[in-house]
Amino acid sequence: DVTQAMAKFSYPQEDIFIRSYQPVVQGQIGQIKKAVQMLASAKRPIVYFGGGVVLGNASDELTQFVRMTGVPCTGTLMGLGAYPSSDRQFLGMLGMHGTYEANLAMQNADVVLAIGARFDDRVVSVPSKFLDKPKKIIHIDIDTASISRNIHVDVPIVADAKEAITKMAEYVEKCNTGKWLSTIDAWKSEHPLTMKKRQLMSPLDIINEINRQYDEAILVTDVGQHQMLVSQYAAITEKKKLIMSGGLGTMGYGLPGAIGAKIGNPDTPVIMVSGDGGMQMNIQELATAVLEELPIVCCIFNN
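Every chain is numbered on its own, with residues counted from 1 as its sequence reads. In keeping with the model being predicted, local features are shown solely for residues with a pLDDT of at least 70 and side-chain atom pairs are shown and tallied solely at 80 or more, while totals for entire chains, interfaces and linings include all residues. Values reported for side chains reflect all heavy atoms of the structure, with hydrogen atoms and water molecules removed beforehand.

Examining the overall build of the protein
Selection criterion: Counting from the N terminus, the helices are the DSSP runs of H or I reaching at least four residues and the strands are the DSSP runs of E reaching at least two. Put simply, the radius of gyration uses C-alpha atoms, and a globule should come to 2.2 Å times the residue count raised to 0.38. The contact rule is simple, with two residues in contact once any of their heavy atoms fall within 4.5 Å. The method behind every accessible area is Shrake-Rupley, applied with a 1.4 Å probe, and residues are considered shielded solely by the protein chains displayed. His is not counted here, nor are the chain ends, while Lys and Arg score as positive and Asp and Glu score as negative. Taken as the charge centre is NZ of Lys, CZ of Arg, CG of Asp or CD of Glu, depending on the residue.
On a plain count of helices and strands, the protein comes out with 13 helices and ten strands. The globule rule puts the C-alpha radius of gyration for 303 residues at 19 Å, and the 21 Å found for the protein is close to it. Principal-axis analysis of the C-alpha atoms gives the protein an extent of 60 × 60 × 35 Å. When contacts within the protein are restricted to residue pairs at least 6 apart in sequence, long-range pairs at least 24 apart make up 70% of them. If you sum the accessible surface of the protein, you get close to 17,000 Å²; carbon and sulfur atoms cover 53% of it. Looking at charge distribution, the protein has the averaged site of its 28 positive side-chain charges lying 9 Å from that of its 31 negative ones.

Quick look at the structure:
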């Protein structure tokens, strides 16, 4: 009868100790100072952040640090939302679905500060060619195994993202990035992120309308073409958040993900963006949304 038995559950009050998992939280101060010096001497620095910043609740610290240094920044798919998308220093997402300026800045940078990112294949593509143009790499990650796994790192810092950024901010100074930012602006003007004008409604029209109508919202995407379009064009701010299955890329995630977001945030508008294929993969969850009386906006692209 164990599968039918009822049990009371409560979260443990004391600190949880897992013998096999004892991560290093505080970064080595010598490495942090070395990273700050490297950043200060750079002519073309860039901050590259990933999902580790979001998981580590280090968005505020990252934003303050980037603005304090004046260094341009770019994020991975899972890092979106960690830095305001409207800020001039933010170059957009990088990688195979990223912006022209973010990818050129990453390729031409002389110092890369990576925080909570893993140099995955969507960003690096061919590891042997990623370092064609010489660059020094600083890598902050709480997982030792992630450092120098795909790309050789010059200054490894094993630490929690929030702790490491906070400590670096104590020593860092504003960098001389005026010329570098002007170069990046020229790249952006050369190939701006846009879509061709068409007579029928385009995906960009829909996403722009979501940006216009909602000052506060939670956007949940499925996986596929529409997911990349949202990551490119959606305005993600402190009040407008983004949830997607970027790590595993599980199609069918959109609708159940939106249901969970709405149950967890009943007073916040939740907008699900899905493709027609992804929507059908878990379309039975419409029954759940109806039974729970969840007012979710479902935006389905015929793609």
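Some thoughts on helix α7 (residues 161-169)
Selection criterion: The buried label applies to any residue whose accessible area, calculated with a 1.4 Å probe on protein chains only, is under 20% of its type's maximum; exposed applies above 50%, and partly exposed to all values in between. Arc definition: directions from the helix axis to the C-beta atoms. What qualifies as a polar contact is a pair of N or O atoms within 3.5 Å, subject to a donor-acceptor requirement within protein and to the restriction that residues adjacent in sequence count only when both atoms come from side chains.
Within α7 the residues assigned to the buried category are A161, A164, I165 and M168. Buried residues of α7 fall within an arc of 95° about the axis and therefore sit on the same side. For α7, the secondary structure elements touched by its buried residues are α1 (29-40), α2 (51-55), α3 (59-69), β4 (111-115) and β5 (136-141). Regarding α7, its N-cap is D160, as a side-chain oxygen of that residue lies 3.2 Å from the backbone nitrogen of K162 further along.

A look at the pattern of salt bridges
Worth spelling out the cut-off: One speaks of a salt bridge when a side-chain nitrogen belonging to Lys or Arg is within 4 Å of a carboxyl oxygen belonging to Asp or Glu.
Enumeration over the complete set of coordinates arrives at five salt bridges. As a salt-bridge pair, K162 and E61 come within 3.5 Å of each other at their nearest N and O atoms. Placement of K162 in helix α7 and of E61 in helix α3 is noted, with a sequence separation of 101 residues between them. Taking the relative accessible area as the measure of exposure, K162 reaches 28% and is therefore partly exposed.

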